[in-house]
Amino acid sequence: MQFLKSYGGILLVPVLALAYGAHALWELTTGPFQYATIVYTYVIALPMLLLGAVSVIQDLREKEKSSGSEEATAGAEAGGDTSKGGGRRVALVVLLSLILIAILPFTGYLIGFFLFVLAVLWAVELRNWVASLIIAAIMAAVVHFVFVGLLGQDLPVGILTFMER
Amino acid sequence: MPDALFEGLQLFLANFWIVPIGVLIGMFVGGMPGLTSSGTLAMLLPVLLVLPPQLGLLLGVSLYAGAEMGNSFPSVMLNIPGTAGGAVTAFDGFPLMKEGRAAWALGICIMASVVGALIGGAASLTLSPQIAAVALRFGPAEICIVILFGLAVIAQLSSGGLAKGLFVGLFGLLLATTGTDPTFGTHRGTFGIVYLFDRLPVIAVLVGLLGFSEVLVYVEKGLSRLLRPGDEQVEHHIGLAGIVSGLKETFKYPWELLRGGAIGVGIGAMPGAGASVATFVSYQQAVAFAKPERKQMFGKGAPEGLIAADVTNNAVVGGALVPLLTLGIPGSGSMAVLLVVMTYHGMYVGPRLFQFSGDIAYAVLLSQFFAAGFILVIGTILAFFAYRVAYLNLKMMVPIISVFCLMGGFARNNFLFDMGVMVVFGCLGYVMKKFNYPVVAMLLGVILGRLFEREFMRAWRIGLDSPELFFTSTIAQILWVLFVFTFVGPPLLRYLRRKMRSGSAAE
């Protein structure tokens, strides 16, 4: 657990690349692919995995070197000037975005975006409810008039079936 | 030709009113993440077909030119490029905005775009036949090498180190293989998800990696404003004076303007390459030829970087018109829509276009000069209001930008799934920024991956399953030499210059 806490961030991107690269190579060996496709994927995936390993080793070495120095550690992590509860707020905004995507087919874009904006404003700790309601209403209107009306985007109307075009 | 040119001028003057409308719509479209000029032109196709051919073509070309400039606004102000070509503008534009110099940066973008449009216009008007002949000799292997010029940016710009840059660049190329194999039609990396059968939605990836990740960074830092009017640490260039100062600043870099313009015209004339490749190549060249002390500034607010991106973006429009008007080959999606307009009206498409419809062809070419003028006027007016975004309360901006990002992910295909892809890549971009992985390198890989793979496959098959074709043609060999020179040349030249200087000082 301690290892994950210390090195999880450094390893996250290389692990994702490793997983995707391994999947791509495995798929090639099992699927009905042409020789040229296999060559192309290997030409990209193998150097990628090699360079991923090199960058992880570099990062781990750097982390070990700087572990004694607080200043260097702060420099290594871009989020050094993070305010209190920053991680929680990020997780909330991401979660709200995913919830919006999930509920859009049911609530429709007008209600969905209105609630999403209100919730995000609450998540980023804007406690002026009048301003929040106004911004949420304006954004729902912008989505309706600009994206749906003017640009013809086909957003789900959900329960507001009378808005169906 | 002079007769046709004169008739074209007359025809243009009778219809020039459509140009500012096209530029204005284009700037709006370019400024909206996820909306591309080609997509909007496709949506406007019914209108373009109803209009007389000259009006439809003038509207299309001016919209394309306006969009190439308009994408600089969100790139500079919000780090959300409107199009793939605008991503490079964000490298140096956004850091300048954070320093309180957004008006100055936008001034540079506007003037560089104007110069780019003028260079593109002049080149397409005078050099059309010659450029088209050279561009036609570029086969798949040569196009691959040109793309490698763009990918070389990874090696030269990665702040986290060369290995990290190349690693995520290749990861991006691998991610771009998701979907249907362009040559053989087999599905790869889709995990059985139907929405990925076509390909990874590039615009959603782009908006996520650059835009939504930035929102998450703000949310984490808990900033209330990007800039404060009373902040003593930041010297603000507010209002028209800042914009005008930026407009003037552009002319201090004539070589960057000329080089970027030439790259834009050249790559724009190559079918399939487009603004995304051209701007990355131009930026890479600007870095390669910069003095060592200026090199450090790239990615932190170098005006040379902004100029390289924006002059090329707009010069591409002129370049893309060359194969369309002289050979009937559309160099980009926008040009393909214009080709449809031309054929719908029964215009001769191909080398004899200037013979049969010379007046319309010249009217289209001449319109670029007027579009440049309107870009200056409309761009300045918009910039006067746009830079104020930096002073807004970020807590209010977070949901607003998030909605635009979500809609940017959705707009291209109208799939809610793409919104999810945008959020996932936003999270990935946020982690990458936190641990010093160059997000742009991955983006470059994803954007250019499909084109690179297609051309690689074609070259591989033409070479009968051998890489021979990449090294045998004269053009390929010249390109390889130039490619190597890009890395070796500038330091070598500087070394020789230093040696000569120290030699003359010793004497």
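Every residue gets a number counted from 1 within its own chain, in the order that chain's sequence is written. Labels follow written order: the first chain is A, the first ligand is 1, and so on. Side-chain atom pairs in this predicted model are given and counted only at pLDDT of 80 or more, local residue features only at pLDDT of at least 70, and totals for whole chains, interfaces and linings cover all residues.

**Student:** Summarise the overall build of chain B; cite the residues concerned and give the values.
**Tutor:** Put simply, DSSP marks the helices as runs of H or I at least four residues long and the strands as runs of E at least two long, and each gets a number from the N terminus on. Within chain B, the regular secondary structure consists of 24 helices and 2 strands. Contact between two residues is assigned when their C-beta atoms, built from the backbone, lie within 7 Å. In chain B, the share of contacts with a sequence separation of at least 24, taken over all contacts with a separation of at least 6, comes to 80%.

**Student:** An account of the overall build of chain A is needed here, citing residue identities and associated values.
**Tutor:** A tally of helices and strands in chain A yields 6 helices and 0 strands. Counted from the first residue to the last, chain A has its helices and strands arranged as α-α-α-α-α-α. Comment: burial labels come from other C-beta atoms within 10 Å of the residue's own C-beta, placed from the backbone, where a count of 20 or more is buried, 12 or fewer is exposed, and between is partly exposed. Considering chain A as a whole, with its 165 residues, one finds that 30% of them fall into the buried category. Within chain A, counting contacts between residues at least 6 apart in sequence, those at least 24 apart form 59% of the total.

**Student:** I'd like a rundown of the environment of V39 of chain A, residues and numbers included.
**Tutor:** Relative to the helices and strands, V39 of chain A resides in helix α2 (residues 35-66). V39 of chain A sits 11 residues away from L28 of chain A along the chain, and the two C-alpha atoms are 9.8 Å apart.

**Student:** Run through the nonpolar core, naming residues and quoting values.
**Tutor:** The biggest cluster of nonpolar side chains holds 208 residues, and the ones touching the most others in it are V117 of chain A together with I375 and L443 of chain B. The biggest single contributor to this core is helix α8 (residues 102-136) of chain B, with 16 residues. Every residue in contact with I375 of chain B, bar those within four places of it in the chain, is listed here: V23, A65, G66, M69, I110, S113, V114 and A117 of chain B. As used here, a nonpolar core is made of buried Ala, Val, Leu, Ile, Met, Phe, Trp, Tyr and Cys residues. They are joined through C-beta atoms within 7 Å.

**Student:** Hey, could you go over the interface of chain A and chain B for me, with residue numbers and the actual values?
**Tutor:** With 58 residues of chain A at the contact, the number on the chain B side is 52 residues. Looking at the side of chain A that touches chain B, the elements with two or more residues in it are α1 (2-30), α2, α4 (86-107), α5 (109-123) and α6 (129-150) of chain A. If one sorts the elements of the side of chain A that touches chain B by residue count, α2 of chain A sits on top with 15 residues. When residue character is reported, Ala, Val, Leu, Ile, Met, Phe, Trp, Tyr, Cys and Pro are called nonpolar, Asp, Glu, Lys and Arg charged, and the others, Gly included, polar. For the side of chain A that touches chain B, a count of residues per class yields 35 nonpolar, 18 polar and 5 charged.

**Student:** Just give me the short version of helix α10 (residues 162-175) of chain B, but keep the residues and values in it.
**Tutor:** Helices are assigned an expected span. That span is 1.5 Å times one less than the residue count. In a regular helix each residue adds 1.5 Å, so 14 residues correspond to 20 Å; α10 of chain B covers 20 Å between its end C-alpha atoms and thus fits that length. Of all 14 residues making up α10 of chain B, 13 are buried, and the element is well covered by its neighbours.

**Student:** Tell me what's going on with the confidence of the model for chain A, and back it up with residues and numbers.
**Tutor:** All names here are of chain A. Values of pLDDT, which run from 0 to 100, indicate the predictor's confidence residue by residue. When pLDDT is averaged along chain A, the result is 81, and 85% of the positions lie at 70 or above. α5 holds the highest mean pLDDT among the elements of chain A, 93, whereas helix α3 (residues 70-76) holds the lowest, 43. Contacts for the low-pLDDT stretch residues 70-81, under 50 throughout, to residues beyond four places or in other chains number 15 contacts.

**Student:** Tell me about the packing of α10 of chain B against helix α22 (residues 439-462) of chain B, and please be specific about residues and values.
**Tutor:** All names here are of chain B. Axis definition: a line fitted to C-alpha atoms, limited for helices to the stretch in contact. Angles are taken between N-to-C directions and run from 0 to 180 degrees. It is the contact of α10 with α22, at a shortest axis distance of 7 Å, that shows an interaxial angle of 40°. In terms of their interaxial angle, α10 and α22 are classed as oblique. Once α10 is placed against α22, the crossing between them reads as right-handed. For the pair formed by α10 and α22, the contact residues are G165, V168, G169, L170, F171, G172, L173 and L175 on the first element and A441, M442, L443, L444, G445, V446, G449 and F452 on the second. When its residues are assigned to classes, the contact of α10 with α22 shows 11 nonpolar, 5 polar and no charged. Reported orientations rely on four angle classes, namely roughly parallel under 35 degrees, roughly antiparallel over 145, roughly perpendicular from 65 to 115, and oblique for the rest. Crossing handedness follows the turn of the near helix against the far one: under a right angle anticlockwise gives a left-handed crossing, and clockwise gives a right-handed one.

**Student:** Outline the environment of A302 of chain B, listing residues and values.
**Tutor:** Residue and element names in this part refer to chain B. Structurally, A302 is set in the loop between α15 (292-295) and α16 (303-327). Here the alpha-carbon distance between A302 and A105, two residues 197 residues apart in the chain, equals 9.6 Å. Contact partners of A302, with chain neighbours within four places excluded, come to D92, R294 and M297.

**Student:** An account of the confidence of the model for chain B is needed here, citing residue identities and associated values.
**Tutor:** All names here are of chain B. Confidence along chain B averages 80 in pLDDT terms, with 84% of residues attaining 70 or more. Across chain B, helix α21 (residues 416-434) holds the top mean pLDDT of 91, while helix α3 (residues 37-43) sits lowest at 67. Across the predicted assembly, pTM comes out at 0.70 and ipTM at 0.88.

**Student:** A description of the packing of α5 of chain A against α6 of chain A should follow, citing residues and the corresponding values.
**Tutor:** Axes are the key here: two packed helices are described by the angle between their axes and the distance separating the axes. Residue and element names in this part refer to chain A. Relative to each other, α5 and α6 sit at 140°, their axes nearing to 8 Å. Relative to α6, the element α5 lies oblique. Of the two elements, α5 crosses α6, and the hand of that crossing is right-handed. Residues Y109, L110, F113, F114, V117, L118 and L121 of α5 touch α6, and the partners they reach there are S132, I135, A136, A137, M139, A140, V143, H144 and V148. In terms of residue class, the contact of α5 with α6 is made up of 14 nonpolar, 2 polar and no charged.

**Student:** If you had to explain the environment of A386 of chain B to someone new, which residues and values would you point to?
**Tutor:** Residue and element names in this part refer to chain B. With respect to the element layout, A386 can be found in helix α19 (residues 358-386). C-beta crowding within 10 Å serves as the criterion here: with 21 such atoms nearby, A386 is assigned to the buried category. Taking the C-alpha atoms as reference, A386 lies 30 Å from Y437; in sequence the two are 51 residues apart. Contacts of A386, omitting those with residues within four sequence positions, involve F73, M77 and L106.

**Student:** Tell me about unusual backbone geometry, and please be specific about residues and values.
**Tutor:** Residues and elements named next belong to chain B. Phi angles above zero are rare outside glycine, and N414 is one such case at about 60°. Taking the C-beta count within 10 Å as the criterion, N414 has 12 such neighbours and is therefore assigned exposed. Despite not being glycine, L464 shows a phi value in the positive range, around 55°. Here L464 is to be found in the loop between α22 and α23 (469-472).

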